[in-house]
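Here is how the chains run, residue by residue.
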Amino acid sequence: MFRAVLVNDPFDDPAVYLDSKYRRDGILFDLGEIRNLVPRNILKVRHVFVSHAHMDHFIGFDHLLRVRLGRERPLFLYGPPGFLDRLENKLRAYTWNLVENYSDDFVLVATEVRRSGRITRRYRCRTGFLPEGKEETAPFDGLLAEERLFSVRADLIDHGIPCLAFRFEEKNRINFKRNVLDEMELPTGSWLMDLRQMILEGDPDDTPVRAWWKDGRGGTTERILPLGLFRERAVKISSGMVISYITDAVFTQENVRRICALAAGSDLLFIEATFLHEERDKAFLKRHLTACQAGWLARLAGVRRMVLFHFSPKYRERQDEILAEAEAAFRGEKTPEPAADETVGNTDG
Ligand SMILES: [Zn+2]
């Protein structure tokens, strides 16, 4: 089960942190300043999805790298066209002698996403973060990461430059019926994690499940039961959360189409609302959404809840107006002018 929060105040740099409740796993959407994220959580992060390399979306990389140096856990980074070059420039900006003294090597795996395909390179701290081995290339069909508990899809949207938007889909949630386990006289414990895993992986019904617990006299009691018995009686499967992240998008018809397709039916949509609608012309020139456009997009995409962020600092005293404007559009009480029928940037990558 994942919980998603904005790392910073909505007037500050964009970054959304998804935290796994039961596992040592974390995800970041965007990498603005992340000093508000405690080191314990930075150490949990395994995947980082960067929308684009404007400074306010990528400046947190240095802090992330610094906390992770000398740690064994690898980090997977994803970014838009040109991302590998920018990342390598950042890595080249520091001196990397003496790193052999770290007890653990730190591995970085970075993927650049283009419509024409994805390019993945690996880097290691001990070799000074020079690209290692041959880069991998693969077609890009919208799927960026496929993990045991979730998947992340992406699309390139237009911000004057190609910018990535993301959709996180948690796989089905598996819960156990406590009353049934009680009837079966099976105390809960870490064995349920293994059971959950077997169900997620679709193991056959005759797979033996070892239920075990401490008996209070220093020993361990165990019972071996077939997986099918649990599947039939003690398991409740519910669908997982869908969380989308949309930022830095110009209000064009093409973007509206892509954003709605990607975010469709999300439980939670993080969407930028940089300007008030009274400044829609300026928003268009700066390739950003207004609060009204953000709320309208959330409605059109049929999301359950939206969280607004990336407010222009000039509205510090007018936050209520941003929220009210977006909410009105989300409820269908306010509609923006039609989106521009033009492409302002190249998103082909
Ligand atoms: Zn931005």
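Computed from a predicted structure; not experimentally measured. Note that residues are indexed from 1 along each chain, following the sequence as it is written. Thresholds applied to this predicted model are a pLDDT of at least 70 for local features of residues and 80 or more for the giving and counting of side-chain atom pairs; totals over whole chains, interfaces and linings are not thresholded and use all residues. Calculation of side-chain values draws on the structure's entire complement of heavy atoms; hydrogens and water are dropped beforehand.

### With respect to the layout of surface pockets
Throughout, the protein atoms alone are placed on a 1 Å grid, and a set of points is a cavity if a 1.4 Å probe fits but cannot get out or a pocket if it is open with protein on both sides within 12 Å along at least five of seven lines; lining residues have an atom within 4 Å of a point. Grid points are joined across faces, edges and corners, and a volume is the space filled by probe spheres set on the points. Its volume calculated, the largest pocket comes out at about 250 Å³. Lining the largest pocket are 15 residues, and of these Met1, Tyr22, Glu170, Arg173 and Arg196 lie nearest its centre. Counting residues per element, the ones that place at least two in the lining of the largest pocket are β12 (173-176) and α6 (191-200). Note on residue categories: nonpolar means Ala, Val, Leu, Ile, Met, Phe, Trp, Tyr, Cys or Pro, charged means Asp, Glu, Lys or Arg, and polar means any other residue, Gly included. A breakdown of the residues in the lining of the largest pocket according to their chemical character gives seven nonpolar, three polar and five charged. There is about 200 Å³ of room inside the second largest pocket. A run of H or I in DSSP becomes a helix once it reaches four residues, and a run of E becomes a strand once it reaches two; helices and strands are each numbered from the N terminus.

### Digging into the pattern of salt bridges
The rule for a salt bridge is simple: a side-chain nitrogen of Lys or Arg has to be within 4 Å of a carboxyl oxygen of Asp or Glu. Per the stated rule, a full pass over the model turns up 29 salt bridges. Of the charged contacts in the structure, one is a salt bridge between Lys44 and Asp19, with a shortest N-O distance of 2.7 Å. One end of the pair, Lys44, is in helix α1 (residues 39-44); the other, Asp19, is in strand β2 (residues 16-20), with 25 residues separating them in the sequence. Of the charged contacts in the structure, one is a salt bridge between Arg46 and Glu147, with a shortest N-O distance of 2.7 Å. With a gap of 101 residues between them, Arg46 in strand β4 (residues 45-49) and Glu147 in the loop between β9 (143-146) and β10 (150-158) connect regions that are remote in the sequence. Through salt bridges with shared partners, one network takes in Arg115, Asp155, Glu254, Arg257 and Arg258.

### Some thoughts on the sheet that holds β4
Think of it this way: DSSP has to see at least two bridges between two strands before they count as a pair. Within the open sheet, the eight strands sit side by side as β1-β2-β3-β4-β5-β6-β7-β8. Their pairing is mixed. Every interior strand has two partners, whereas the edge strands, β1 (2-6) and β8 (132-138), have only one. Geometrically, the sheet is characterised by an average inter-axis angle of 15° between neighbouring strands, direction not taken into account. Pairing between β4 and strand β5 (residues 75-79): three bridges, direction parallel. Residue pairing across strands places His47 opposite Phe76, the latter belonging to β5. Docked against the sheet, helix α3 (residues 61-68) engages β4, β5 and β6 (107-114), running at close to 165° with respect to β5. Each axis is a line fitted through C-alpha atoms, and for a helix only the stretch in contact is used; angles between axes span 0 to 180 degrees, taken between their N-to-C directions. Only heavy atoms matter for contacts: two residues are in contact if any of them lie within 4.5 Å across the pair.

### Let's talk about the environment of Ala138
Within the secondary structure layout, Ala138 lies in strand β8. In this structure the C-alpha to C-alpha distance between Ala138 and Gly117, which are 21 residues apart in sequence, comes to 5.6 Å. When sequence neighbours within four positions are dropped, the list of residues in contact with Ala138 reads Gly117 and Arg118.

### Brief notes about the domain arrangement of the protein
Per the annotation, domain bounds derive from an automatic or database assignment of domains. What the domain assignment lists for the protein is domain 1 (2-171 + 241-330) and domain 2 (174-238). Summarising the inter-unit geometry, the C-alpha centres of domain 1 and domain 2 are found 37 Å apart. The interface of domain 1 with domain 2 comprises four residues on the first partner and four residues on the second. By the criterion of area lost to domain 2, the three top residues of domain 1 are Tyr22, Arg23 and Arg148, representing 78% of everything that side buries. Within 3.5 Å is the distance limit for a polar contact, defined as a pair of N or O atoms, with the added protein rule that one can donate a hydrogen and the other accept it, and that residues adjacent in sequence qualify only through two side-chain atoms. Put simply, domain 1 and domain 2 have one residue pair in polar contact (both at pLDDT 80 or more) between them. For the side of domain 1 that touches domain 2, a count of residues per class yields two nonpolar, no polar and two charged. Once two parts are brought into contact, the accessible area they lose, counted with a 1.4 Å probe and summed over both, makes up the buried area.

### A closer look at the coordination of the zinc ion
As a rule, N, O and S atoms within 2.8 Å of a metal are its donors, except that Na, K and Ca use 3.2 Å; water is not among the atoms, so sites may look incomplete. For the zinc ion, the full set of protein donor atoms is His57 (NE2), Asp248 (OD) and His310 (NE2), and the range of their distances to it is 2.0 to 2.3 Å. All donors to the zinc ion come from one chain, and their sequence spacing reads H-x190-D-x61-H. Placement of Asp248 in the loop between β16 (242-246) and α8 (253-263) and of His310 in the loop between β18 (305-309) and α11 (319-330) is noted, with a sequence separation of 62 residues between them. Each member of the pair Asp248 and His310 is classed as buried. Only protein chains enter the accessibility calculation, which uses a 1.4 Å probe; a residue whose area is less than 20% of its type maximum is buried, one above 50% is exposed, and one in between is partly exposed.

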